[in-house]
Amino acid sequence: MQIEKKDKYTLISSDENTLEAFQNSLLEKINDFEKAHLILQISEKINVKDKDFSLILEIAEKKQEKNTSVVIINADLNLDNFPEHINIVPTMREAEDILDMEAIERELGF
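Structure report, in brief. All values derive from a computational prediction rather than experimental measurement.

**Re the sheet that holds strand S3 (residues 38–41)**
Piece 1. The five strands are arranged S1-S2-S3-S4-S5 in an open sheet whose pairing can be described as mixed. The open sheet is flanked by strand S1 (2–5) and strand S5 (87–89), the only strands paired with a single partner. For this sheet, the mean angle separating the axes of adjacent strands, direction not counted, is 20 degrees.
Piece 2. Pairing geometry for S3 and strand S4 (residues 70–73), over four bridges, is parallel. What sits directly across from Gln-41, in S4, is Ile-73.

Structure below.
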């Protein structure tokens with residue numbers, strides 16, 4: 001797992017060989033990012049199955065409850081298989097746009 005802190009968010013990229021290994025690495029460090037907005041970039045090398053995303057979805061939901069954002073970058077996921085409030089996008093640019101939009105929504109009280 002590679003961690004890169006930016007001004008507005010923390011980028012966490014997977015360098016593990018499996019989604020399970022990435023999720024376990026993320027779980028070990030998640031408390032370090034309690035107040036940070038997160039972009040989770042899942043490697044295209046990992047064979048991702050929608051049903052294997054349960055831990056990341058739990059983390060995303062808990063962070064949203066605390067008014068922080070989580071955006072998942074992966075072009076292979078079928079968005080129809082996930083709840084609408086989970087942010088999954090194919091590119092970094094779109095992830096940054098989602099973070100900006102959610103920041104505006106929080107400022108407006110949505």
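**Notes on a nonpolar patch on the surface**
Piece 1. Residues Ile-104, Leu-108 and Phe-110 make up a contiguous nonpolar surface patch of about 390 Å² in total accessible area.
Piece 2. Mapped onto the elements of the fold, Ile-104 is located in helix H3 (residues 92–108).

**What to know about the nonpolar core**
Piece 1. Judged by nonpolar contacts, the single largest core of 24 residues is most densely connected at Leu-19, Leu-38, Leu-40, Ile-42, Phe-53, Ile-56 and Ile-72.
Piece 2. Listed by contribution, the elements that provide at least two residues to this core are helix H1 (19–29), S3, helix H2 (54–65) and S4.
Piece 3. Not counting the four nearest positions on each side in its chain, Leu-38 is found in contact with Thr-10, Ile-12, Ile-30, Phe-33, Lys-63, Ser-69, Val-70 and Val-71.
Piece 4. Counting residues in hydrophobic clusters, the runner-up holds nine residues, among them Val-71, Ile-73, Val-89 and Leu-99.

**A closer look at the pattern of salt bridges**
Piece 1. Evaluation of the coordinates by the stated rule reveals four salt bridges.
Piece 2. Between Lys-6 and Glu-4 there is a salt bridge, with the nearest N and O atoms lying 2.8 Å from each other.
Piece 3. Relative accessible area serves as the criterion here: at 39%, Glu-4 is assigned to the partly exposed category.
Piece 4. Of the charged contacts, one joins Glu-96 and Arg-93 as a salt bridge, the two residues approaching to 3.2 Å between their closest N and O atoms.

Cut-offs applied
Residues numbered from 1 in each chain as written. Predicted model: local features only at pLDDT ≥ 70, side-chain atom pairs only at ≥ 80, totals over all residues. Heavy atoms only, no water. Pairing = 2+ DSSP bridges. Helix = DSSP H or I, 4+ residues; strand = E, 2+ residues; numbered from the N terminus. Axes fitted to C-alpha atoms, helices over the stretch in contact; angles between N-to-C directions. Patch = residues over 30% accessible without salt bridge, like charges linked within 9 Å, V, L, I, M, F, W, Y side chains within 5 Å. Areas by Shrake-Rupley, 256 points an atom, 1.4 Å probe, with all protein chains shown as cover. Salt bridge = Lys/Arg side-chain N within 4 Å of Asp/Glu carboxyl O. Core = buried A, V, L, I, M, F, W, Y, C linked by side-chain atoms within 4.5 Å. Buried < 20%, exposed > 50% of the residue type's maximum accessible area, 1.4 Å probe, protein only. Contact = heavy atoms within 4.5 Å.

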